[in-house]
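Breakdown of the fold
For reference, the chains in residue letters:
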Amino acid sequence: MSILHKIKAYLYDNVLTKDNPNDFTARTASERSLNVQQICQSATNRGGADISASAMEHATELFLKEMVYQLCDGYSINTGYFTANTTIRGVFDSPSETFNKDKHSIIFQFNQGEKLRAEIPNIEVEILGVAEASAAILQVTDVKSGSVNDLLTPGRNLKIAGSKIKVAGNDPFIGVFFVNTTSNVRTMVEESDMVTNNPSELIVVIPALPTGTYHLEVVTQYSSGALLKDVRTATLDKILTVA
């Protein structure tokens, strides 16, 4: 079978396993994140669509809006490429207890479908070696919803797993930051809201962020020896959402 695609990745210390201190995890060296408009333009440029990019984008937006509408009514979605469903998180203490947004939450879950899985044999993975010994965020978990690398619940805890992410140093700009992807406004986690501050794990209280999407950054001078002269920034390669 011919290889049609290639993914490049670096290896990082696997801080999520405790039994083997010498194993690694791979992170895709993603060049950028593509939006609907860019995907539609790419499809027309390479001959993968028989309509204009603008027409394709319009049809896609209509489809996605209708899909969201149906998900909000509790329907499950199966496009062949991915499945989606609505899930309620939280514990109900009695048969008569009703939904309480302060202790329960609604999330949308997406999983790969059969058509997407069928493309995996067409992908070649090139490991570029062990990444430079710099800070890296590997995974975040929203404690309230249980969501991984996806949702944020303001006022509740966020677990951040990574490598060399302890916030330390004397630079005034070190800390944990949520950066709005639209406005680039940076919201810093107050020092008093840092529950755990270890090299491989941070637990912070998520600030009162407005609805939107965010990048997560950890800025620190920490190293395993003396403090670094300059700050270094670790950025999660996923976009997080406050719904």
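Residues numbered from 1 in each chain as written. Predicted model: local features only at pLDDT ≥ 70, side-chain atom pairs only at ≥ 80, totals over all residues. Heavy atoms only, no water.

**Describing the overall build of the chain**
The secondary structure content of the chain amounts to three helices and 15 strands. Burial statistics for the chain: of 243 residues in total, 30% are counted as buried. Excluding contacts between residues fewer than 6 apart, the proportion of contacts in the chain whose partners are at least 24 apart in sequence is 58%. Accessible surface for the chain amounts to roughly 15,300 Å². Of this, 52% is attributable to carbon and sulfur atoms. Charged side chains of the chain number 21 positive and 27 negative; the gap between the two group centres comes to 2 Å. (Helix = DSSP H or I, 4+ residues; strand = E, 2+ residues; numbered from the N terminus. Buried < 20%, exposed > 50% of the residue type's maximum accessible area, 1.4 Å probe, protein only. Contact = heavy atoms within 4.5 Å. Areas by Shrake-Rupley, 256 points an atom, 1.4 Å probe, with all protein chains shown as cover. Lys, Arg positive; Asp, Glu negative; His and termini not counted. Charge placed at Lys NZ, Arg CZ, Asp CG, Glu CD.)

**Describing the sheet that holds strand β3 (residues 77–78)**
The antiparallel open sheet is built from three strands, whose spatial order is β3-β4-β5. The sheet is open, and its two edges are formed by β3 and β5 (105–112), each paired on a single side. As judged from the eight bridges shared by strand β4 (residues 82–89) and β5, these two strands associate in the antiparallel manner. Bridge assignment links Ala84 to a residue of β5, and that residue is Phe110. (Pairing = 2+ DSSP bridges.)

**Concerning the nonpolar core**
Counting residues in hydrophobic clusters, the biggest one holds 24 residues, and the most contacted among them are Ile137, Leu152, Leu158, Ile160, Val176, Phe178 and Leu216. Only β7 (136–142), β8 (157–163), β9 (175–180), β12 (201–205), β13 (212–220) and β15 (240–242) provide two or more residues apiece to this core. If we ignore the near neighbours within four places in the chain, the residues touching Ile160 are Ile137, Gln139, Val140, Ile165, Val176, Ser200, Glu201, Leu202, Val204 and Leu216. (Core = buried A, V, L, I, M, F, W, Y, C linked by side-chain atoms within 4.5 Å.)

**A short note on unusual backbone geometry**
Backbone phi values are negative for most residues with the exception of glycine, while trans is the configuration of most peptide bonds. Backbone geometry places Asn149, a non-glycine residue, at a positive phi of 55°. Note that Asn149 resides in the loop between β7 and β8. In this model, Asn184 sits at a positive phi of 65°, which is unusual for a non-glycine residue. Tracing the sequence through the fold places Asn184 in the loop between β9 and β10 (186–188).

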